[in-house]
Amino acid sequence: MESFSTETGIKYFVRVNWADRWQVYQRLNELDIPCFCQANQPLQVEITNANVAMQIWSVLRSCTASRQELISTLENCWHLASQ
């Protein structure tokens, strides 16, 4: 991620596959995370706190991780929760 400063604070360019970019953008909008995306430009997001950073990471992971990686993560969570 590359950061840049604006009058509203620090924003970041998120490098995401062009095919996944609009899906990530739509999900971040649903979560009310400030983001901006123009045609042929990288996705820009504003990270204001740790919770927002984790939500962005989660959205990116859900779009970029393989099905098997996501299954393994869920299995690990269930295993830890049952202990």
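Residues numbered from 1 in each chain as written. Predicted model: local features only at pLDDT ≥ 70, side-chain atom pairs only at ≥ 80, totals over all residues. Heavy atoms only, no water.

Asker: Sorry if this is basic, but what is going on with the nonpolar core here?
Answerer: Side chains that are nonpolar tend, in soluble globular proteins, to be buried together. In this structure, Val 24, Leu 28, Cys 35, Leu 43, Val 45, Ile 56 and Leu 60 are the most contacted members of the largest nonpolar core, which totals 15 residues. Of all the secondary-structure elements, those providing two or more residues to this core are α1 (18-30), β4 (43-46) and α2 (50-64). Looking at which element gives the most residues to this core, the answer is α2, with five residues. Setting aside chain neighbours within four positions, we find Leu 60 in contact with Val 14, Val 16 and Val 24. (Core = buried A, V, L, I, M, F, W, Y, C linked by side-chain atoms within 4.5 Å. Buried < 20%, exposed > 50% of the residue type's maximum accessible area, 1.4 Å probe, protein only. Helix = DSSP H or I, 4+ residues; strand = E, 2+ residues; numbered from the N terminus. Contact = heavy atoms within 4.5 Å.)

Asker: Whenever I open this one, α1 confuses me. Can you help?
Answerer: Side chains of residues three or four places apart in an α-helix project in the same direction, reflecting 3.6 residues per turn. Taking 1.5 Å as the rise per residue, α1 with 13 residues should run 18 Å; its terminal C-alpha atoms sit 19 Å apart, in good agreement. All buried positions along α1 are accounted for by Asp 20, Arg 21, Val 24, Tyr 25 and Leu 28. When α1 is viewed along its axis, its buried side chains cluster within an angular range of 145 degrees and face the same direction. The outward face of α1, more than 90 degrees from its buried face, is lined by the exposed residues Ala 19 and Glu 30. Where α1 is buried, its residues touch β3 (35-36), β4 and α2. (Expected span 1.5 Å × (residues − 1). Arc of directions from axis to C-beta.)

Asker: Explain the environment of Asn 17 to me, please; I cannot follow it from the model alone.
Answerer: Summarising the element assignment, Asn 17 is placed in the loop between β2 (9-14) and α1. Taking the relative accessible area as the measure of exposure, Asn 17 reaches 45% and is therefore partly exposed. On a C-alpha basis, the gap between Asn 17 and Pro 42 in space is 9.5 Å, while along the polypeptide they are 25 residues apart. In this structure the side chain of Asn 17 is engaged in a polar contact, spanning 2.6 Å, whose partner is the backbone nitrogen of Ala 19. (Polar contact = N/O pair within 3.5 Å; in protein donor to acceptor, adjacent residues only side chain to side chain.)

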